[in-house]
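Chain by chain, the residues run as shown.
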Amino acid sequence: MNKYIYLLCFLFFATIINAQEKQMSISLEEAINFALENSYNTRAAKNDINSAKEKVWETTTIGLPQINGKVDYQNFLKQPVSLLPAAAFDNTTSTVNTVEDYFDLMPNREPTPPEGFIPVVFGTKQNVNATVTLTQLLFDGSYLVGLQASKTFLKISKQAEEKTELITREAVINAYGNVLVTEKSISILEGNIKILQKNFNDAKKIYENGLNEEEDVEQLEITLGNLKNQLNSVIRMKEIAYQMLNLSMGSPINTKLTLTDSLDGLAEDNISLELINTEFNYNKHIDFKISENDRETKRLMMKLEQSKALPSLSAFVNYGTQAFSDSFSFFDSNQQWFQSSLFGVSLNVPIFSSLGRTSKTAQAKIALETADLRLEETKQKLSLQAQKAKNDYQLSIQNYETSKKNVGLAERIEKKQRIKFFEGISSSFDLLQAQNQLYTQQQNYIQSMLDVIAKKAALENALNLPIK
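Since we're looking at a predicted model, the values are computed, not measured.

(A) Up close: the nonpolar core. Judged by nonpolar contacts, the single largest core of 46 residues is most densely connected at Y176, L245, M249 and L259. Examining the composition of this core, we find that nine residues originate from one element, helix 11 (residues 428–462), more than from any other. Contacts of Y176, omitting those with residues within four sequence positions, involve I26, S27, L28, A31, L245, L259, T260, D261 and L266.

(B) Region of interest: the packing of aromatic side chains. One pass over the full model with this rule turns up nine aromatic pairs. Relative to W337, the ring of F330 lies with its centre 6.4 Å away and its plane at 55°, an arrangement referred to as tilted. For F330, a relative accessible area of 6% translates into the label buried. Ring centres of Y400 and Y445 lie 6.0 Å apart, and the angle between their planes is 15°; on these two criteria the pair is classed as stacked. Pair noted here: Y400 is in helix 10 (residues 356–422) and Y445 is in helix 11, with a separation of 45 residues, a long-range link. Three or more aromatic residues link up through ring pairs in this structure, and these residues are Y73, F328, F330, F331 and W337.

(C) Main features of helix 2 (residues 28–38). What helix 2 keeps buried is the set L28, A31, I32, A35 and L36. Taken end-on, helix 2 shows its buried residues confined to a sector of 135°, consistent with a single buried face. Turning to helix 2, the residues buried within the fold contact strand 1 (23–26), helix 3 (40–61), helix 5 (141–208), helix 6 (214–249) and helix 7 (263–269).

(D) Spotlight on unusual backbone geometry. The phi dihedral of S354 is positive, around 55°, even though this residue is not glycine. Counting through the fold element by element, S354 comes out in the loop between strand 8 (337–348) and helix 10. Residue S354 is classed as exposed on the basis of its relative accessible area, which comes to 54%. The backbone phi angle of L355 is positive, close to 65°, even though this residue is not glycine.

(E) The pattern of salt bridges, seen in detail. Across all of its chains, the model carries 19 salt bridges by this definition. A salt bridge links R374 to E377; the shortest N-O distance between them is 2.8 Å. Taken together, the positions of R374 and E377, both in helix 10 and three residues apart, correspond to about one turn of that helix. Residue classification places R374 among the partly exposed positions, given a relative accessible area of 49%. Within the structure, one salt-bridge network assembled from shared partners comprises R169, K456 and E460.

(F) Representation of the environment of N283 in the model. If you trace the backbone, N283 turns up in the loop between helix 8 (273–276) and helix 9 (286–307). N283 sits in the partly exposed class, given a relative accessible area of 40%. A C-alpha to C-alpha distance of 8.3 Å links N283 and K379, two positions 96 residues apart in sequence. Look past the residues within four positions of N283 in its chain and what remains in contact with it is F288 and K289.

(G) Molecular detail of the sheet that holds strand 7 (residues 312–325). An order of 2-5-7-8 is seen for the four strands of this open sheet, with the pairing classed as antiparallel. Both outer strands of the open sheet, strand 2 (66–75) and strand 8, are each paired with one neighbouring strand and no more. Adjacent strand axes in the sheet meet at a mean angle of 15°, parallel and antiparallel pairs treated alike. Sheet topology places strand 5 (residues 126–139) next to strand 7; 13 bridges connect them, and they run antiparallel. Within strand 7, the position partnered with A130 by the bridge is T321.

Definitions and limits used
Residues numbered from 1 in each chain as written. Predicted model: local features only at pLDDT ≥ 70, side-chain atom pairs only at ≥ 80, totals over all residues. Heavy atoms only, no water. Core = buried A, V, L, I, M, F, W, Y, C linked by side-chain atoms within 4.5 Å. Buried < 20%, exposed > 50% of the residue type's maximum accessible area, 1.4 Å probe, protein only. Helix = DSSP H or I, 4+ residues; strand = E, 2+ residues; numbered from the N terminus. Contact = heavy atoms within 4.5 Å. Phe/Tyr/Trp six-rings, centres within 6.5 Å; stacked < 30°, edge-to-face > 60°. Arc of directions from axis to C-beta. Salt bridge = Lys/Arg side-chain N within 4 Å of Asp/Glu carboxyl O. Pairing = 2+ DSSP bridges. Axes fitted to C-alpha atoms, helices over the stretch in contact; angles between N-to-C directions.

Here it is as structure tokens:
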């Protein structure tokens, strides 16, 4: 029996561990598509759209019939007393305090005017009042403007989602590229360390045989130590780079990822000279559309202030029933209920606001003029941004081609210096210079590949190219 319990516990914990250690093999395109569905910003943008849709309906319902019910129950713990002049009931000279006193004394009194007041209680101790009211807005300029504004708000939310998708795509591309850079750097550093370790071991044996100086061995040891430190640093950065990619995709940061694309392959695939010649149309750019909607919002705000000078008209009809009793007998079959109903129309006409409405309208008009200025500024900025993105992308391609050539040259130079060093023709400083030049060119080459990928993504955003 215990064996089965242990087996079930093992399977349970194995399932939990497997769920926690989620793994994913993914290409750059798959990473982008995954992020467009699951990234935190994307999901938040979709929620904003759903909220905007509800806001549109909320505003629409203001002009639709509204029905409200109300039930009031009252129980006077101490009923209020009203005072009536005694002269209204009695012609005697005696002062009476109650109606009962008045009737008791009436046969024995002379018909003289009384003095004082008679305390009287009106109504019953308990009552219930139930009403149902139907209201309908017939005309309100503010409502009509608000309805237009809510639809504009929905449009802005959808455009914000489109903007979010473009930003998410660029973020995933950069994060994916950074992971590949760390992987490529580790591979290159491990290769350099392997070669340098062999050089160091060979130089040390030569020194032990008295054929070179100790300084040559120490110089190689310093370079080897620096490379190992760089490798350890990049290995630590690798974990962060993977977590950043997971974060940009919207997956748990500890998800184990296996990238199926290579840095070299992506760099070659992202070279597109036709993209540089793509014509820019600011009217289709998402930032320009957002700016246009901002301008439309300011226009509606001005209309809203203007509409506040118009009258508003509404109608209502209600039906109610009331019951009165000195005890709680409202559910008894013999309880008497009294019905009532009312229909009415309400007209509200703004007459004079001490020029307050005029001032608010003037402010809204100024805000609209500012929005027009910002719209023109956005048009100019986007045109400049597109041109700069094209130049940066073209430069990144040129740098990539140059770096690719230079790294080959640096490898050959370092190899020749290494041969000369072990043949005793050149010094350790010549070899060190060649090695540092190679390492620098290798890093430049890696960075140039990342720049091609990143600058293309930036250009696609600047041109507002749709996501494939």
